[in-house]
Amino acid sequence: MGEEVKLLGFWASPYSQRVIWALKLKGVEYEYIEEDISNKSELLLQYNPVHKKIPVLVHGGKPICESLVILEYIEETWPQTPLLPKDPYERALARFWMQFAVEKAPAFGSFFTSTGGGEKGEKAAKEVVEVFKILEEQLTLGNTKFFGGETINMVDISHGWLPHWFECIEQLVGLKLLDPKTLPRLHTWAQDFKQLPIIKESLPDYDRLLIHMKSVREKMMISTK
Amino acid sequence: MEDKVVLLDFWPSSYAMRVKIALAEKDIQYEVKEENLSNKSSLLLEMNPVHSMIPVLIHNGKPICESLNIVYYIDQVWSHKSPLLPSDPYQQSQARFWADYIDKKIYSLGKRVWKSKGDEQEAVKKEFIENLKTLEGELGDKLYFGGDKFGLVDLALVPITSWFYSFEICANYSTESECPKIVEWAKRCMEKDSVAKSLPHPNKIYDFVLLLKKIYGL
């Protein structure tokens with residue numbers, strides 16, 4: 001497969017990062033194009049006219065949009081370092097847990113724009129903790145280092161925003177929820193994930209991310225009033 | 001070993017209809033267990049402890065949840081007949097993209113179209129119709145979203161057309177005037193046995209909506 005691979009992304013976006021991680025794990029060479037999401041390029045609008053969002057993977061000139069769709073495409077096209085089980089049932093389970101990350105995003109969104117206290121804040125925090133408990137149980141049942149076993153797979157990648165981005169959110173909201181005492185396996189998973197060389201070298205600078213997310217949070221809180 | 005396939009179902013669910021169409025396309029024999037969602041069975045709670053939602057496919061005792069996930073599973077396991085996904089990775093990605101779009105931009109809005117009122121309903125209706133038009137654009141002049149053959153995207157979208165009559169009455173609009181090609185495409189899909197047998201009559205769905213409105217006091 002000698003065709004050119006390009007990735008339109010945004011440095012702070014965890015969705016962009018998912019694709020970077022998958023490409024790097026499979027050793028796929030690609031050209032990264034940074035998008036200014038406050039001033040979207042003609043190229044982005046041309047490649048993703050439906051959602052006008054990053055990430056977009058462009059392979060041989062053909063665009064693929066939506067991060068989980070891109071991950072599935074990467075898996076089909078570059079089978080080395082498999083990131084999904086081959087067995088249909090195990091694969092279905094993995095996809096279930098990938099979808100879980102998508103379905104629970106609104107709960108994290110509510111927490112992000114909450115102030116930690118008050119009825120709304122408490123409800124949002126409670127929902128997030130419920131999600132964490134479910135993930136904790138999954139890790140406990142599997143009894144492996146990562147959701148994918150001894151090495152990461154797409155389930156880890158789908159939840160891979162937690163170790164870095166959620167830390168920022170906890171700092172901004174002023175409430176720590178990913179507690180090592182009550183969620184020991186999930187907490188360990190987050191630390192182990194972040195330390196993987198491919199992940200560590202790709203993560204955006206924490207302080208820079210914190211400033212960016214602070215600004216995003218302020219804008220979101222104004223618009224939801 | 002003979003396969004034992006069970007579907008935990010709720011007859012008005014568009015998500016469950018997707019699974020029924022897939023099973024019919026592949027000629028799979030299965031047992032249906034109708035769930036009462038206000039009194040969920042212990043089987044459902046055991047098979048889908050995370051969401052407690054239907055549809056759930058139970059294949060030789062092992063549960064698979066989430067409608068599109070189930071469809072992908074069925075396509076992979078019973079690969080010998082009526083492939084639902086294209087074999088080319090790029091075409092496959094496009095099919096997945098549109099199935100995902102249908103989930104996020106059509107199915108997720110459906111409930112609000114019939115349930116909401118006033119300004120909120122007008123806003124949801126506008127968005128819903130706009131999204132249908134996007135799909136209509138993607139369909140173009142093709143017979144099906146998949147091209148000449150019925151495929152994943154068709155399967156993902158067609159069940160909610162059984163709800164269109166209810167949406168139209170509740171929100172006061174006509175799919176025929178707004179998206180005539182979608183209506184034409186839906187009729188074409190209904191000519192297929194697998195689809196016709198899996199979708200309830202729109203009048204039945206409307207009776208169900210009226211019942212729900214009464215229960216919710218709407």
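Counting starts from 1 at the beginning of each chain's written sequence and moves along it residue by residue. Chain letters start at A and ligand numbers start at 1, both assigned in the order the entries are written. This being a predicted model, a pLDDT of at least 70 is required before a residue's local features are given, and a value of 80 or more before pairs of side-chain atoms are given or counted; all residues contribute to the totals for chains, interfaces and linings. Side-chain calculation: all heavy atoms of the structure are included, whereas hydrogens and water are not.

Undergrad: Explain the overall build of chain A to me, using residue names and the numbers behind them.
TA: The helix count covers DSSP runs of H or I at least four residues long, the strand count covers runs of E at least two residues long, and both are numbered beginning at the N terminus. A tally of helices and strands in chain A yields 11 helices and four strands. Here the globule rule reads 2.2 Å times residues to the power 0.38, and the radius of gyration is calculated from C-alpha atoms. Since a compact globule built from 225 residues should have a radius of gyration of about 17 Å, the 18 Å found for chain A is in line with a globular shape. Along the first, second and third principal axes, the C-alpha set of chain A runs to 55 × 45 × 30 Å. Think of it in three bands: with a 1.4 Å probe and only protein chains considered, a residue is buried below 20% of the maximum accessible area for its type, exposed above 50%, and partly exposed in between. Within the span of chain A, comprising 225 residues, buried residues form 51% of the whole. By definition, residues are in contact when any of their heavy atoms lie within 4.5 Å. A sequence separation of at least 24 residues applies to 69% of the contacts in chain A between residues at least 6 apart. Here the accessible surface of atoms and residues is derived via Shrake-Rupley with a 1.4 Å probe, and residues count as covered only by protein chains that are part of the display. In the structure as shown, chain A presents an accessible area of about 10700 Å², 55% of it carried by carbon and sulfur atoms. Side-chain charges in chain A split into 27 positive and 31 negative, and the spacing between the mean points of these groups amounts to 4 Å. Positive residues here are Lys and Arg, negative ones are Asp and Glu, while His and the chain termini are left out of the count. Lys charges are placed at NZ, Arg charges at CZ, Asp charges at CG and Glu charges at CD.

Undergrad: Residue-level account of the overall build of chain B, with values.
TA: On a plain count of helices and strands, chain B comes out with 11 helices and four strands. For 218 residues, the compact-globule estimate of 2.2 N^0.38 gives 17 Å, and the C-alpha radius of gyration of chain B, at 17 Å, lies within 12% of that figure. In terms of overall dimensions, chain B has a C-alpha envelope of 55 × 45 × 30 Å along the principal axes. Nonlocal contacts in chain B, meaning residues at least 24 apart in sequence, comprise 71% of its contacts between residues at least 6 apart.

Undergrad: Lay out the UniProt feature "domain: GST C-terminal" (unreviewed entry) in chain A with the relevant residues and their values.
TA: Taken from the UniProt record, the annotation "domain: GST C-terminal" (unreviewed entry) applies to residues 87–222 of chain A. Each end of residues 87–222 of chain A is marked by a C-alpha atom, and these two atoms are 47 Å apart; helix forms 75% of the span and strand 0%. UniProt positions are given in the numbering used here, feature names are shortened, and annotations may be inferred rather than shown by experiment.

Undergrad: Outline the sheet that holds strand S2 (residues 31–34) of chain A, listing residues and values.
TA: Residues and elements named next belong to chain A. Strand pairing is defined by DSSP finding a minimum of two bridges between the two strands. The strand order S2-S1-S3-S4 describes an open sheet built from four strands, whose pairing is mixed. This sheet does not close on itself; its edge strands, each paired only once, are S2 and strand S4 (62–65). When the angles between neighbouring strand axes are averaged without regard to direction, this sheet yields 20°. Here strand S1 (residues 5–9) runs beside strand S3 (residues 56–59); their pairing, made up of four bridges, is antiparallel. Of the residues in S3, the one forming a bridge with Leu-7 is Leu-57. Lying over the sheet, helix H1 (residues 14–25) contacts S1, S2 and S3, oriented at roughly 155° with respect to S1. Geometry is summarised by axes, namely lines fitted to C-alpha atoms with helices restricted to the contacting stretch, and by angles between N-to-C directions that run from 0 to 180 degrees.

Undergrad: Please set out the UniProt feature "domain: GST N-terminal" (unreviewed entry) in chain B residue by residue, giving values where relevant.
TA: Mapped onto the present numbering, the UniProt feature "domain: GST N-terminal" (unreviewed entry) falls on residues 3–82 of chain B. Helix makes up 36% of residues 3–82 of chain B and strand makes up 21%, while its end C-alpha atoms are separated by 18 Å.

Undergrad: Which residues make up the UniProt feature "domain: GST N-terminal" (unreviewed entry) in chain A, and what values do they have?
TA: Cross-referencing UniProt, the feature "domain: GST N-terminal" (unreviewed entry) maps to residues 3–82 of chain A in the present numbering. Across residues 3–82 of chain A one finds 36% helix and 21% strand; the C-alpha atoms that close the span lie 20 Å apart.

Undergrad: Break down the pairing of strand S2 (residues 31–34) of chain B for me, citing the residues and quoting the values.
TA: All names here are of chain B. Where strand S1 (residues 5–9) meets S2, four bridges bridge the pair, whose relative direction is parallel. When the bridges of S2 are listed, Asp-9 appears paired with Glu-34. Handedness of the crossover joining S1 and S2 through helix H1 (residues 14–25): right-handed. When the strands point away from the viewer, a crossover counts as right-handed if the path from the first strand over the helix to the second runs clockwise.

Undergrad: Explain the nonpolar core to me, using residue names and the numbers behind them.
TA: Working definition of a nonpolar core: buried Ala, Val, Leu, Ile, Met, Phe, Trp, Tyr and Cys residues. They are joined through side-chain atoms within 4.5 Å. Counting 147 residues, the largest nonpolar core has Leu-57, Phe-132 and Phe-166 of chain A together with Leu-57, Leu-135 and Trp-185 of chain B as the members making the most contacts within it. Top element by residues in this core is helix H4 (residues 89–115) of chain B. It accounts for 12 residues. Leaving out residues up to four positions away in the same chain, Phe-132 of chain A has contacts with Phe-108, Leu-162, Phe-166, Leu-177, Leu-178, Leu-183 and Leu-186 of chain A.

Undergrad: Summarise the domain arrangement of chain B; cite the residues concerned and give the values.
TA: All names here are of chain B. For chain B, the assigned domains are domain 1 (5–78) and domain 2 (89–216). The source of the domain bounds is an automatic or database domain assignment. Between domain 1 and domain 2, the C-alpha centre-to-centre distance is 21 Å. Across the boundary between the two partners, domain 1 contributes 15 residues, which contact 23 residues of domain 2. By buried area we mean the combined loss of accessible area, with a 1.4 Å probe, across both parts when two parts are placed together. On the domain 1 side of the contact with domain 2, Trp-11, Arg-18 and Ile-21 bury the most area, a combined 35% of that side's loss. Take a side-chain nitrogen of Lys or Arg and a carboxyl oxygen of Asp or Glu: if they are within 4 Å of each other, that pair is a salt bridge. Across the contact surface, domain 1 and domain 2 share two salt bridges. For Arg-18, the salt bridge goes to Asp-103, with nearest N and O atoms at 2.9 Å. Here a polar contact is recorded for every N or O atom pair within 3.5 Å, except that within protein the pair must consist of a potential hydrogen donor and a potential acceptor, and residues adjacent in sequence are included only if both atoms are side-chain atoms. Across the contact surface, domain 1 and domain 2 share six residue pairs in polar contact (both at pLDDT 80 or more). For the side of domain 1 that touches domain 2, the elements supplying multiple residues, two or more each, are H1 and helix H3 (67–77). At nine residues, the largest contribution of residues to the side of domain 1 that touches domain 2 is made by H1. Each residue gets one of three labels, nonpolar for Ala, Val, Leu, Ile, Met, Phe, Trp, Tyr, Cys and Pro, charged for Asp, Glu, Lys and Arg, and polar for the others, Gly among them. Across the side of domain 1 that touches domain 2, the residue classes tally to 11 nonpolar, one polar and three charged.

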